[in-house]
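Chain residues, written in single-letter form:
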Amino acid sequence: MKKSLFYSPIDYARNKYLKYITIIFLITLYLPILNLIIFSFNDSKRNILWRGFTTKYYNKVFENDVLFSAFLNSLTIATISTIISTILGLTTAITLWKFNFYLKKYYDIALLFPIIIPEICMGISMLVFFNFIHWPNFEIWPLTLSNIIIAHVSFTFPFIAIIIRSRLTILNNDTLEAGLDLGANNIQIIRLIILPFVKPAITASFLLAFTLSLDDFVITFFTSGPNSITLPVKIYSMVRFGITPEINAVSTLLILILIFCTFFLIRYLSKNNKEV
Amino acid sequence: MSDKKFCIELKNLTKRFENTLAVDDVSFNVEENEFFTILGPSGCGKSTILRLIAGLEVQDQGEIIINGIDCSKMPANERPVNMVFQSYALFPHLNIKDNIEFGLKIKKIDEIEIKKRVDEILDLIKMRSYINKYPSELSGGQRQRVALARAIVNKPKIVLLDEPLSALDANLRIDMQRELVNIQRNLEMTFMLVTHDQDEALSISSKIAIMENGKVIEANTATNMYEYPSKKFSAEFLGRINIIDGYISNNDNQKIFKSEIFGDINLQNDIDIPQDAVLGIRPEKIIIERSSKNLENRIKTKGTVIDWTYYGDMSYITIELNNKKKIYIHVQNIHRNTLQELKIGKTLRASFDINDLIILEK
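Owing to the predicted nature of the structure, the values given are computational and were not obtained by experimental measurement.

## Points about the overall build of chain B
Helix and strand content of chain B: 8 helices and 21 strands. Principal-axis analysis of the C-alpha atoms gives chain B an extent of 75 × 50 × 40 Å. The 362 residues of chain B split such that 37% are buried. If you take every contact in chain B between residues at least 6 apart in sequence, the share linking residues at least 24 apart comes to 63%.

Put into structure tokens, the structure is as follows:
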């Protein structure tokens, strides 16, 4: 039989070389993570040889006050900064979608800057900025985290604005006019048409921003002080004294949280994909 | 006529978009329970009039009176009208039931009444089995029905329809036209439709207004608009017509139209004719003569067939007269064996009744 130059998707699945490549790809992608999780249960100080199963490093994580407070800091920063940037992102998206104003085109491009600027530059600029304006060193928690929260808002809100805006572009003006025609006032149009319509995008972007904030290292490293250590920064400082199963355990916990978020997101989105 | 109630009264309505005058000093009235159609080429301002009535645009000048109440400054969400959009504009995040209920819930109508009305509407549009579907799962015709249902479930006095059938294919469009007419008659609502489709306007409306460049040229009942138009533009826009150029001369109390094609045509003395008027004759009013006898009140002519378009039931032919002028004739294909006469190159005799002539103002 003459082989066709073009494969159909079914043909691709039958191609054995392609199967091998896919398997190798998946292994290289997930093996290190799997390795990390497995060795978090290793009953040994070092991560080289398997010496039996234990959960003592998880206990150690929870007993380690510094680690736990870093973890709590990370969660607090992620939660507060994501809430703020979701509100900012939503309003930015609606403004850019609904209104025309002077220099709008350039504002559109400026919105991309925090995404394309290298994180290291962003981190240093934040450091310089907070020094320049003499941002006070707060003593009371969670005000100690305020500068990190501001830095996180500034790099996560463009993601939220862009995701919500791309959803809004498929909501045409006629739909809003139909709402008006059916008796809804402006507040009801926002509450009953715009918000329910962008809800999947809000959820998706909220979780994306949350994970971005939770595992951010570079920007946080430059903005955190002695009283505001986050989990990724703490892990980094622990790694400098050698990798113990304790780090594996912390990382595993972090991965579990993120997997949980993603799972929730996918379930939510697949429930809503009937629309549009 | 004065005892009839007007549903919509437009007075000197004007709307300007930047440099274009979209609606230019338009005044007309729509009676209750009418199926009123605004017909015009695209960009003539017909949709803008509808949007002004709905309150989605604000007029620069003029008044809009709906059911005797001046609504000129009333916001769109308080006006007693509902609109069916060209794009349907269904809410993509709501299912069919929620889409239809939207207006009723906003107006805080009680649950039992909402359920009753939605049930009625679902039967009317025959879409009961689709209530849990989303707009994206429906076909164009079904979305059209839902959009209509969402408007009429509110029981507005006036339903505004902005080219509602333009996205449907030909057969579905004809079905929907009949359905629209039936719904309008059954519910006794005033329907105001905007279209650029002449056949649609003629077949569904009780009254037609023809627009050009932001002005209403003429408004009349559908039959009168076709049979007795008074403006050249409306005669040419609604259906086909042969325009007979010429001038009027008053000879010894006899008005004579000196035409280039048919020579002198005697007109009735008692009718008022503007000096720059032309005459027109609809192509289907001209019949092919097979005998050469003299007929009273008929204008006769002779020419060669230069074009023949066959439509099955009808033939549209163009004949060229001896003076090189062309006229269009629509012939019904009553007999199979007479089709031979219409072939290109054949010579035909044709005639029409003087009473079918239309006097048109330029």
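## Some remarks on the overall build of chain A
When you go through chain A residue by residue, the secondary structure sums to 13 helices and 0 strands. Secondary structure elements in chain A, listed N-terminal to C-terminal, are α-α-α-α-α-α-α-α-α-α-α-α-α. Its C-alpha atoms give chain A principal-axis dimensions of roughly 75 × 70 × 35 Å. A total of 276 residues make up chain A; the buried ones form 30% of that total. The contacts in chain A between residues at least 6 apart in sequence include a share of 78% that link residues at least 24 apart.

## Description of the packing of helix α4 (residues 65-98) of chain A against helix α8 (residues 146-168) of chain A
To describe two helices that pack against each other, one gives the angle between their axes and the distance between the axes. Residues and elements named next belong to chain A. Close contact between α4 and α8 brings their axes to 6 Å; oriented N to C, the two are set at 40°. Taken together, the axes of α4 and α8 are oblique relative to one another. When the axes of α4 and α8 are compared, the crossing they make is right-handed. Looking at the contact of α4 with α8 residue by residue, the class counts come to 16 nonpolar, 8 polar and 1 charged.

## Focus: the domain arrangement of chain B
Annotation of chain B at the domain level lists domain 1 (6-230) and domain 2 (243-360). The distance between the C-alpha centroids of domain 1 of chain B and domain 2 of chain B comes to 39 Å.

## A look at the interface of chain A and chain B
Contact with chain A, which involves 18 residues of that partner, is made by 19 residues of chain B. Elements represented by at least two residues in the side of chain A that touches chain B include exactly α9 (173-181) and α10 (186-214) of chain A. For the side of chain A that touches chain B, the element with the most residues is α9 of chain A, which contributes 6 residues. Residues belonging to the side of chain A that touches chain B are distributed by class as follows: 8 nonpolar, 5 polar and 5 charged.

## A short note on the sheet that holds strand β13 (residues 254-259) of chain B
Two pairing modes exist for strands in a sheet, parallel and antiparallel, and in both the strands are linked by backbone hydrogen bonds. Residues and elements named next belong to chain B. Ordered by their spatial adjacency, 3 strands build an open sheet running β12-β13-β14, and the pairing between neighbours is antiparallel. This sheet does not close on itself; its edge strands, each paired only once, are β12 (246-251) and β14 (263-266). Within this sheet the neighbouring strands show an average axis-to-axis angle of 30°, counted without direction. As paired elements, β13 and β14 share 4 bridges and run antiparallel to each other. Looking at the pairing, F257 lines up with I265 of β14.

## Focus: the nonpolar core
One finds I53, V159, L160 and M192 of chain B to be the most contacted residues of the largest nonpolar core, which totals 127 residues. Per element, the largest residue contribution to this core is 11 residues, and it comes from α10 of chain A. Apart from residues lying up to four places away in sequence, L160 of chain B is in contact with L50, I53, A54, V81, M83 and M192 of chain B. With 11 residues, the next largest nonpolar core counts A70, F71, I229 and L231 of chain A among its residues.

## Topic: the sheet that holds strand β5 (residues 69-70) of chain B
All names here are of chain B. Taken together, 4 strands build an open sheet; the order of strands is β2-β1-β4-β5 and the sheet is antiparallel. The open sheet has two edge strands with one neighbour each: β2 (20-31) and β5. Both strand β4 (residues 61-66) and β5 contribute to a ladder of 2 bridges, which runs antiparallel. In the strand pairing of β5, I66 is matched with I69.

## What about helix α3 (residues 111-124) of chain B?
Residue and element names in this part refer to chain B. Taking 1.5 Å per residue as the helical rise, α3 with its 14 residues ought to reach 20 Å, and the 20 Å between its terminal C-alpha atoms agrees with that figure. Within α3, the full set of buried residues consists of V118, I121 and L122. Buried positions in α3, seen along its axis, are confined to an arc of 100° and lie on one side of it. In α3, the exposed residues that point more than 90 degrees away from the buried face are I112, E113, K116, D119 and D123. Those residues of α3 that are buried are in contact with α2 (96-106) and α4 (140-152). Just downstream of α3, K126 is the residue with a positive phi angle, here 55°.

## Regarding the packing of α2 of chain B against α4 of chain B
Residue and element names in this part refer to chain B. Direction vectors running N to C along α2 and α4 enclose 30°, while the axes themselves pass 7 Å from each other. Considering the angle they form, α2 stands roughly parallel to α4. Where α2 crosses over α4, the handedness of that crossing is right-handed. Of the residues in α4, those in contact with I96, N99, I100, F102 and G103 of α2 are V146, A149 and R150. Across the contact of α2 with α4, the residue classes break down as 5 nonpolar, 2 polar and 1 charged.

Conventions adopted
- Residues numbered from 1 in each chain as written.
- Chains lettered and ligands numbered in written order.
- Predicted model: local features only at pLDDT ≥ 70, side-chain atom pairs only at ≥ 80, totals over all residues.
- Helix = DSSP H or I, 4+ residues; strand = E, 2+ residues; numbered from the N terminus.
- Buried ≥ 20, exposed ≤ 12 C-beta atoms within 10 Å, placed from the backbone.
- Contact = placed C-beta atoms within 7 Å.
- Axes fitted to C-alpha atoms, helices over the stretch in contact; angles between N-to-C directions.
- Parallel < 35°, antiparallel > 145°, perpendicular 65-115°, else oblique.
- Left-handed = near helix turned anticlockwise from the far one by under 90°.
- Nonpolar A, V, L, I, M, F, W, Y, C, P; charged D, E, K, R; others polar.
- Domains from an automatic or database assignment.
- Pairing = 2+ DSSP bridges.
- Core = buried A, V, L, I, M, F, W, Y, C linked by C-beta atoms within 7 Å.
- Expected span 1.5 Å × (residues − 1).
- Arc of directions from axis to C-beta.

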